[in-house]
Amino acid sequence: YPAVDDAAARPARYLPRGFLLHALAFGVARARRIRTHSVEGAAPAPGRHPVLLFSPAGWAPYFYGAALEELASHGYVVVALQHPAEMVPCTVRADGRRTWFRSRAVAGALSVSKRPHDQDVRDRGAVVDVKADDLIATLDQLHALVAERRDPLADALDLSRVGAFGHSFGGGAAIVASQRDDRFLAAANLDGAMWRAPAGCRLHRPLLLLLAEHPEMVGACTDAVRDGFYSSVDWCETDRALHRA
């Protein structure tokens with residue numbers, strides 16, 4: 001969140017102790033040496049600030065720290081979620097307890113599927129739906145926090161200006177949450193599929209789609225199958241047709 005400038009304050013550590021296991025899982029062996037631009041417990045900047053809810057996918061929110069800090073520097077309060085059981089290798093709760101990753105929480109998306117494509121669409125669409133519900137529930141909690149004035153940030157939140165964004169599954173969830181709840185005034189999908197028919201993707205408010213040119217989506221399907229991205233050419237072609245539509 002935007003904070004009062006304090007030249008004497010020490011930047012916070014990049015990863016709290018409970019999340020060092022995440023760093024090791026992704027090969028970041030020296031996470032303690034990564035510098036941040038955030039100060040733990042800093043006084044909020046005066047005024048009320050627009051709020052962005054962020055849904056990650058697979059990684060803890062700290063791994064998106066550079067992007068979230070950048071948004072805060074432009075005047076946004078960013079509320080990042082942890083969706084239980086989808087964090088690799090685990091979700092760390094506020095009291096230090098860990099919920100270990102379960103493949104079912106991401107509908108097997110981290111491995112090459114050999115199931116019928118329509119079954120994957122249904123199961124992965126359900127993941128997007130659950131994450132969208134989490135975004136809406138979090139917004140409900142922010143309204144309760146402001147109404148009850150039970151947090152130092154309560155006076156800093158402008159809940160008349162709220163947006164949703166996310167990465168991968170979380171990007172699709174941001175759109176679905178904005179479809180279901182008109183308190184979200186805008187949405188951004190960072191490299192995320194929707195996992196539903198095109199007719200179910202309409203959104204009548206501002207939307208940003210930011211996509212990478214993944215090799216499995218731009219090269220020949222025969223090459224994608226050879227390189228282990230898909231189990232068959234038919235699966236590849238069906239998947240591409242859905243996402244491009």
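Up top is the structure these notes are about.
Residues numbered from 1 in each chain as written. Predicted model: local features only at pLDDT ≥ 70, side-chain atom pairs only at ≥ 80, totals over all residues. Heavy atoms only, no water.

Caption draft 1: Layout of the pattern of salt bridges. Taken as a whole and assessed by the stated rule, the structure comprises 16 salt bridges. For R48, the salt bridge goes to D158, with nearest N and O atoms at 3.7 Å. In this pair, R48 is assigned in the loop between α1 (20–25) and β1 (49–55) and D158 in strand β5 (residues 157–167), connecting sequence segments 110 residues apart. Accessibility expressed as a relative area gives 7% for D158, which makes it buried. Residues R115 and D120 are paired through a salt bridge, measuring 2.7 Å at the closest nitrogen-oxygen approach. A cluster of three or more residues bridged by salt bridges with shared partners is formed by R115, D120, D123 and R124. (Salt bridge = Lys/Arg side-chain N within 4 Å of Asp/Glu carboxyl O. Helix = DSSP H or I, 4+ residues; strand = E, 2+ residues; numbered from the N terminus. Buried < 20%, exposed > 50% of the residue type's maximum accessible area, 1.4 Å probe, protein only.)

Caption draft 2: Local environment of the sheet that holds β5. Across the sheet, which stays open at both edges, the five strands sit in the order β2-β1-β5-β6-β7 with parallel pairing between neighbours. Lying at the two open borders of the sheet, with one neighbouring strand each, are β2 (77–80) and β7 (207–210). Sheet twist, expressed as the mean angle between neighbouring strand axes with direction ignored, is 20 degrees. Note: β5 against strand β6 (residues 184–190), six bridges, orientation parallel. Across the sheet, G163 pairs through a bridge with A186, a residue of β6. Its contacts with the sheet put helix α4 (residues 169–180) on β1, β5, β6 and β7, and the angle it makes with β6 is roughly 160 degrees. (Pairing = 2+ DSSP bridges. Axes fitted to C-alpha atoms, helices over the stretch in contact; angles between N-to-C directions. Contact = heavy atoms within 4.5 Å.)

Caption draft 3: Up close: the packing of aromatic side chains. All chains considered together, the criterion is met by four aromatic pairs. Note on Y14 and F63: the rings are 6.3 Å apart at their centroids and 65 degrees apart in plane angle, and the pair reads as edge-to-face. Taken together, the residues Y14 in the segment before α1 and F63 in the loop between β1 and α2 (65–73) connect sequence positions 49 residues apart. Looking at Y14, the relative accessible area reads 16%, which means it is buried. Exposure remark for F63: the relative accessible area of 22% places this residue in the partly exposed category. A centroid spacing of 4.8 Å and a plane angle of 70 degrees characterise the contact between F54 and Y64, whose relative ring orientation is edge-to-face. One end of the pair, F54, is in strand β1; the other, Y64, is in the loop between β1 and α2, with 10 residues separating them in the sequence. Ring pairing ties together the aromatic residues F54, Y64 and F165, which thus form one cluster. (Phe/Tyr/Trp six-rings, centres within 6.5 Å; stacked < 30°, edge-to-face > 60°.)

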